[in-house]
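Examining the three-dimensional arrangement
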Amino acid sequence: MVLQQQTEISVWGESEPNQQVTISVSWGQQITTESDSQGRWEIEMQTPGAGGPHSINISTEDSTIVIDDVLIGEVWLASGQSNMEMPLKGWPPRDTILNSERAIAEADFPVFRMFTVERNPSDEPVDTVAGQWVVASPETVGNFSATAFFFARRIYKELNVPVGIIHSSWGGTIAEAWTSEDKLRTLGDFNKKLDELKDSKIRKRANAWFKQWLKMKLPTTDEEWQNIDFSDLDAVQSDFDDSHWKNIELPGRFDEIGSGVFDGAVWFRKTFTIQNTDVDYLLRTGPINDMDATFVNGHKIGGLAGENYWKTSREMVIPRTILREGVNTIAIRAVDRRGKGAFSGPMTISNSKGDTISIEGTWKCNLIAEIFMEELFAYNLNADLSERPDLVEFHSNVPTVLYNGMVAPITNYKIKGAIWYQGESNVGRDEQYRKLFPALIEDWRNKWGYDFPFYFVQIAPYNYTPDERLSHKLRDVQRRTLKIKNTGMVVTLDIGNPANIHPANKQEVGDRLAGLALVNDYGKNRIASGPLYSGFEKSGNKLMVEFDYVGGGLIALEKELLGFEIAGTDKNFFAALARIVGERVEVSSPFVPSPEFVRYAWKNTSKASLFNKEGLPASTFTSEND
């Protein structure tokens, strides 16, 4: 493991009740304590400067635990959603990491370790966490958080001290899931959900329900998803009786039962009629969120299984050799791993002769397996699901469940600070995020007991749909969060990808996060932030926009500045002519003779235009709410 240097750390555990426990460390301390009536004990020890390896001995009169290879250095917490979770090896083929192969091959860092907290949503705070410390090597770092890896690599290279990262993140998750109940209660927005979570009767019904069914290991790799077996392939046969199954309209969502939403696997069946069996046909379904296995007349013709195909359109050849003149049967098993489960369409079967058959409309469907609290339960094809309880309360996007299971148990572990990459799942709720995000930061600091540095990544440009999900509003809320002391923000306007919510350049993200820490916490003298809007002065029909962190000066990426808009008191914005004048940007428009407001990069897919000479981009901003 890695422990934070030159600070007071906690060592805690359990033994027999009222038992003497002695903790001795190789850097020269020994403390004896006694466990309480429940067997719990905890002591505090002082760590030396960076170095090691050291050892820790924990003993009672009848047993001893020895922890070897303990390094002393800098410990950081990395958390958030998928852009923090995304591993250095990426999620190919769609979501890749720039220069990952080289980074993995060169990753020989014996004094850099990462502890990845296993997923564990919980309706109550827990005190135990699953995971292990792993040394950074070419064999291991492919599974490390890419953002956290690049952050730690730069810290290590510049400070030459051991670095430990505690990585606790989960893709597609909302900020309120990472916040404690007592803090969320102060906001008032989430009380109904929190009250539902505390309904022990619902939880007991859920536990009783799943005890009836076969529990399976939840796949963790694409290969495991591809080979998953629910003993359910009778459903692919043409003569299978699906008359007792429910009807569903496709394309559309399929992840709902009654008023509840589930994650799991569903069979879909439909017949189609053809007359010409002399040619092959092509099946198109559009994207299936997240995975599928597709059969025609009992023969598998394709499908994509894994966690990164949810936006990939399906196209599969139906060989003429498996087709029959007249009625044929198509069966699709779709798996919704998390989030929205849906067929996007269009859904057709066509051939090279110009024949096209629509398979949209009414299908038969049946739930065959369900994911609950990170466990997989298999039903059978004739299972009676009428008594299934509503389990929507217990998925990963329920308020406080990820704090309870993945943050609460590590709050005793001393950290230097935290890096955070999240916000995409809160887009569209920027007004709520304005109070929620600061509350999360305050909450974590209160739980650890000190105001550690908190550095976060501003979400990148992305073509969110529907269009009313205005990510620039959330980016501006993130910028305004910098009013909280000891925080910093990485801007990604220049390294995003409007077509992919997982930008590939995680090295630059990690390096910029590390730059904030190196300047603010380790005394390096440099500029670590791009220009941040600080105000403006009126000058006739122009506004002179002012910035902090101009560094060596403001520059435009192209010959002209783009993305600036101004408005009068009516807040009707027009594109502005913008030019750099000294350390300010002058903006004007012939359509706004008396400007009162200015904004920049105010679109979902905005591009960076303004930088400082250190190469760091300016943030999205608006003066409307100043």
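Residues numbered from 1 in each chain as written. Predicted model: local features only at pLDDT ≥ 70, side-chain atom pairs only at ≥ 80, totals over all residues. Heavy atoms only, no water.

1. So, the pattern of salt bridges
- The full count for this structure, using the stated rule, is 37 salt bridges.
- Across the pair arginine 253 and aspartate 255 runs a salt bridge whose closest N-O atoms are separated by 2.7 Å.
- Several salt bridges share partner residues, and in doing so they unite Asp476, Arg479, Arg480 and Asp626 into one network. (Salt bridge = Lys/Arg side-chain N within 4 Å of Asp/Glu carboxyl O.)

2. As for helix 9 (residues 430-448)
- In a regular helix each residue adds 1.5 Å, so 19 residues correspond to 27 Å; helix 9 covers 27 Å between its end C-alpha atoms and thus fits that length.
- Of the residues trailing helix 9, glycine 449 is marked for its positive phi of about 95°. (Helix = DSSP H or I, 4+ residues; strand = E, 2+ residues; numbered from the N terminus. Expected span 1.5 Å × (residues − 1).)

3. Quick look at empty space enclosed by the protein
- Summed over the entire model, instances satisfying the criterion amount to 1 cavity of 30 Å³ or more.
- Empty space within the largest cavity amounts to approximately 50 Å³.
- Considering the residues around the largest cavity, the lining is formed by Met489, Val490, Val491, Arg512, Ala528, Ser529, Gly530, Leu616 and Pro617.
- For the lining of the largest cavity, the per-class residue count stands at 6 nonpolar, 2 polar and 1 charged. (1 Å grid on protein atoms, 1.4 Å probe; cavity = no way out; pocket = protein on both sides within 12 Å on 5 of 7 lines; lining within 4 Å. Points joined across faces, edges and corners; volume = space filled by probe spheres on them. Nonpolar A, V, L, I, M, F, W, Y, C, P; charged D, E, K, R; others polar.)

4. As for the packing of aromatic side chains
- In total, this model carries 37 aromatic pairs according to the counting rule given.
- Their ring planes at 70° and their centres at 5.3 Å tell us that phenylalanine 149 and phenylalanine 150 sit as a pair that is edge-to-face.
- Accessibility expressed as a relative area gives 0% for phenylalanine 149, which makes it buried.
- On the basis of an interplanar angle of 55° and a centroid distance of 5.4 Å, the ring pair of phenylalanine 240 and tryptophan 245 is categorised as tilted. The same class applies to phenylalanine 240 as to tryptophan 245, namely buried.
- If you follow lysine 571 out to its NZ or CZ, it ends over the ring of phenylalanine 597, 5.1 Å from the centre.
- Arginine 599 extends its terminal NZ or CZ atom over the ring of phenylalanine 573, reaching a point 3.8 Å from the ring centre. (Phe/Tyr/Trp six-rings, centres within 6.5 Å; stacked < 30°, edge-to-face > 60°. Buried < 20%, exposed > 50% of the residue type's maximum accessible area, 1.4 Å probe, protein only. Lys NZ or Arg CZ within 6 Å of the ring centre and 35° of its normal.)

5. What to know about unusual backbone geometry
- Glycine 52 connects to proline 53 through a cis peptide bond whose omega is 10°.
- Across the junction of asparagine 289 and aspartate 290, the peptide omega takes the value 15°, indicating a cis bond.
- The topology assignment puts aspartate 290 in the loop between strand 17 (281-289) and strand 18 (291-296).
- The residue asparagine 486 is not glycine, and still its phi comes out positive at about 60°.
- Counting through the fold element by element, asparagine 486 comes out in the loop between helix 10 (471-480) and strand 29 (487-490).
- You can call asparagine 486 partly exposed: its relative accessible area is 33%.

6. Notes on the sheet that holds strand 36 (residues 584-588)
- Strand order in the open sheet made by the 4 strands is 30-31-36-35, with antiparallel pairing throughout. Strands with a single pairing partner mark the edges of an open sheet, and in this sheet they are strand 30 (532-539) and strand 35 (577-581). The sheet shows a mean angle of 25° between the axes of neighbouring strands, taken without regard to direction.
- For strand 31 (residues 542-548) and strand 36, the ladder comprises 4 bridges, and the chain directions are antiparallel. Following the sheet pairing, valine 545 is matched in strand 36 by valine 585. (Pairing = 2+ DSSP bridges. Axes fitted to C-alpha atoms, helices over the stretch in contact; angles between N-to-C directions.)

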